[in-house]
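Summary of structural features
One-letter residues, chain by chain:
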Amino acid sequence: MAVQTDKREKTQMVTTKSTAAFKAACRVMPGGVSSPVRAFRAVGGTPRVIAKGKGAVLTDVDGNSYIDYVGSWGPLILGHADERVVAAIDKAAAKGCSFGAPTEAETQLAELIVARVPSIEMVRFVNSGTEAAMSALRLARGHTGRNKIIKFEGCYHGHSDALLVQAGSGAMTFGAPSSPGVPAGTTADTLVLPYNDLDAVEAVLKTHAAQVAAVLIEPIAGNMGCVPPNTGYLEGLRRLCTENEVVLVFDEVMTGFRVSPGGAQELYGVQPDLTCLGKIVGGGLPLAAYGGRREIMEKVSPLGDVYQAGTLSGNPLATAAGIATLQALAEDDAYEALEAAAAKLAEGLRAAAEAAKVPTYHPRVGSMMGTFFSSAPVTDHATAGRCNTRAYAAFFHAMLDRGVYLAPSQFECLFVSLAHTDEQIEETIAASAEAFAAAAACR
Ligand SMILES: *Cc1c(COP(=O)(O)O)cnc(C)c1O
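Residues numbered from 1 in each chain as written. Predicted model: local features only at pLDDT ≥ 70, side-chain atom pairs only at ≥ 80, totals over all residues. Heavy atoms only, no water.

Considerations on the overall build of the chain
As a reminder of what qualifies: Secondary structure elements are taken from DSSP: a helix is a run of H or I of four residues or more, a strand is a run of E of two residues or more, and numbering for both begins at the N terminus. We compute the radius of gyration from the C-alpha atoms alone; for a globule the expected value is 2.2 Å times N to the 0.38, where N is the number of residues. For the exposure calls, accessible area comes from a 1.4 Å probe over protein chains only, and a residue counts as buried if that area is under 20% of its type's maximum, exposed if over 50%, partly exposed in between. Contact definition: two residues touch when any of their heavy atoms are within 4.5 Å. Accessibility throughout is a Shrake-Rupley quantity obtained with a 1.4 Å probe, and a residue counts as covered only by protein chains that appear here.
Of regular secondary structure, the chain possesses 14 helices and 17 strands. Compactness check: the chain gives a C-alpha radius of gyration of 21 Å against a globular reference of 22 Å for 443 residues, within 12% of the reference. Scored against the burial criterion, the 443 residues of the chain give a buried share of 55%. Contacts in the chain between residues at least 24 apart in sequence constitute 73% of all its contacts with a sequence separation of at least 6. Accessible area for the chain stands at about 18300 Å²; split by element, carbon and sulfur atoms hold 54% of it.

Set out below in structure tokens:
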């Protein structure tokens, strides 16, 4: 791997091939992408079309390289094209890509998950985080015989109809569909409450508990930027759910294996009834899972009558990548190394912003963090909404010009991987000094 070690300066990057490739993409795919945020709409400009990745470095089709903090939106905690993961996929592919029949590898991955995630006793594999959340919800409803669910403003659980909702006005609102094509009836049972507000949950359960099947939450919100839970918030949710016999579902698609070996539930010592996993668990291939208490998981078909299935679920390539990734993360100092690298980056960015006199807020839990252009702390969707998006766009482009690839929206997390070197983190901090100065002009 040829890692650039020179200081990253603003270069006049040639992006003609990216531009042409993206133009061709736009003719045959809506917005030129397979998932909307990739299109750079929140920051403007034309996305770089990626040719390859190795370690912490992405290379585009023009040959420009970038230190990458997106990591495919979370899965790549070992970096790009990790040799152990690639070898595992190669080996599995040579033996066949999919059988639609049980394999030993599924059991091996399930055992790794059960051993590591405190609340999971049994697990079902699916193909995406969307599927995991959608299926966990069906299971919670099937288990309780209740229909309503509580979710939180700013939390993302994939794009299934019942979860694609936004809050209306007022403290307690039933969700309104946040996309055309989602019938109001599908979201009528979804209650949307503000994040980090335990009283709001308590108030709803006081009147609606008998109808509420589940409370679904990102234990560390990562889809409105990085918003950690207030002290006692998750514990409070656990208590309220237990008292009211509501299924507590942690969507750990992002936080699972990211913030500790056992995810946010291990970090905060709070056990949900069901957990959604995705991203890291598939090592960069399409694999996700939901799991939890045996008593509830035994309700899943064919053991129980809550139906859920998948042609490619638990396929050998994805399970091989997942196993290799989880095994690599079991090495002694993996999480200490992630913590040290992420702490250094967060502190460096904070200091650079301060030096540039830009009001920013830098929440971080382990190797996931945020950069909010805000003078006040961001604790929920409303406070996230007050951030300066023009300043982030300027910052993002200034970083991109200097070879640092951040999420093209401030309401996404920045991820540090085990592949990021000290040098790369120092280069990133050096680049940010100039980038924050560019952002300072955007009030
Ligand atoms: C990414 C994400 C999802 C959706 O996963 P997909 O694999 O994109 O469907 C769900 N929940 C959370 C918390 C996520 O971060």
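Side note on the domain arrangement of the chain
Applied cut-off: Per the annotation, domain bounds derive from an automatic or database assignment of domains. Summed over both partners, the accessible area (1.4 Å probe) lost when two parts come together is defined as the buried area. The term salt bridge refers to a pairing of a side-chain nitrogen on Lys or Arg with a carboxyl oxygen on Asp or Glu at a separation within 4 Å. In protein, a polar contact means a hydrogen-donor-capable atom and an acceptor-capable atom, both N or O and within 3.5 Å, with residues adjacent in sequence counting only if both atoms are side-chain atoms; elsewhere, any N or O pair within 3.5 Å suffices. Asp, Glu, Lys and Arg are counted as charged, while Ala, Val, Leu, Ile, Met, Phe, Trp, Tyr, Cys and Pro are counted as nonpolar; the rest, among them Gly, fall into the polar class.
Assigned domains within the chain: domain 1 (5-67 + 332-405 + 420-439) and domain 2 (83-329). A C-alpha centroid distance of 27 Å is found between domain 1 and domain 2. Across the domain 1/domain 2 interface, buried area totals approximately 1500 Å², and carbon plus sulfur atoms make up 68% of it. Looking at the side of domain 1 facing domain 2, the largest losses of area belong to Tyr335, Val365 and Met368, adding up to 44% of the total buried there. Summed over the shared surface of domain 1 and domain 2, the result is one salt bridge. With a shortest N-O distance of 3.8 Å, lysine 54 and glutamate 83 are connected by a salt bridge. Inspection of the domain 1/domain 2 interface yields four residue pairs in polar contact (both at pLDDT 80 or more). Residue composition of the side of domain 1 that touches domain 2, by class: nine nonpolar, four polar and three charged.

Looking at the sheet that holds strand E1 (residues 50-54)
Filter applied, for reference: In short, DSSP must find at least two bridges between two strands for them to pair. Each axis is a line fitted through C-alpha atoms, and for a helix only the stretch in contact is used; angles between axes span 0 to 180 degrees, taken between their N-to-C directions.
Pairing in this open sheet of four strands is mixed, and the strands run E1-E2-E3-E16 from one edge to the other. One side of each edge strand has no neighbouring strand; the edge strands of this open sheet are E1 and strand E16 (404-405). Each of strand E2 (57-60), strand E3 (65-68) and E16 touches helix H14 (residues 422-440); the most contacted strand, E3, lies at about 100° to it.

Re the sheet that holds strand E17 (residues 414-415)
Strand order in the open sheet formed by three strands is E14-E15-E17, and the pairing between neighbours is antiparallel. For this open sheet the edge positions go to strand E14 (364-365) and E17, each flanked by a neighbour on one side alone. Pairing between E14 and strand E15 (residues 368-369): two bridges, direction antiparallel. Along E15, the bridge assignment pairs arginine 364 with methionine 369.

Here we look at unusual backbone geometry
Residue serine 301 is joined to proline 302 through a cis peptide bond whose omega torsion reads 10°. Here proline 302 is to be found in the loop between helix H9 (294-297) and helix H10 (316-329). Positioned with a positive phi, lysine 279 is a non-glycine residue whose angle comes to about 50°. Summarising the element assignment, lysine 279 is placed in the loop between strand E12 (274-277) and strand E13 (288-292). Its relative accessible area of 26% is what places lysine 279 among the partly exposed residues.

Points about the side chain of arginine 146
The test is simple: His is not counted, nor are the chain ends, whereas Lys and Arg count as positive and Asp and Glu as negative.
Turning to its location among the elements, arginine 146 is positioned in the loop between helix H4 (129-144) and strand E5 (148-152). One buried charged residue, arginine 146, remains without a salt bridge, the closest side chain of opposite sign being glutamate 245 at 4.4 Å. A distance of 3.4 Å separates a polar atom in the side chain of arginine 146 from the backbone oxygen of alanine 210. Polar contacts involving the side chain of arginine 146 include one to the main-chain carbonyl oxygen of asparagine 244, which spans 3.0 Å.

Let's talk about the packing of helix H6 (residues 198-208) against helix H7 (residues 233-244)
Selection rule: Small angles under 35 degrees read as roughly parallel and large ones over 145 as roughly antiparallel, with 65 to 115 read as roughly perpendicular and the rest as oblique.
Axis separation between H6 and H7 bottoms out at 10 Å; the angle between their running directions is 10°. With respect to their mutual orientation, H6 and H7 come out roughly parallel. Taken together, the residues of H7 that come into contact with H6 (itself represented by Leu198, Val201, Glu202 and Leu205) are Tyr233, Gly236, Leu237, Arg239, Leu240 and Asn244. Residue composition of the contact of H6 with H7, by class: six nonpolar, two polar and two charged.

Regarding the state of the cysteines
What counts here: When the sulfur atoms of two cysteines come within 2.5 Å, that pair is taken as a disulfide.
Summed over all chains, the structure comprises zero disulfides. Lacking any disulfide linkage, cysteine 387 is separated from the closest cysteine sulfur, that of cysteine 226, by 12 Å. When its relative accessible area of 8% is taken as the criterion, cysteine 387 is described as buried. With no disulfide of its own, cysteine 413 has cysteine 226 as its nearest cysteine by sulfur position, at a separation of 4.5 Å.

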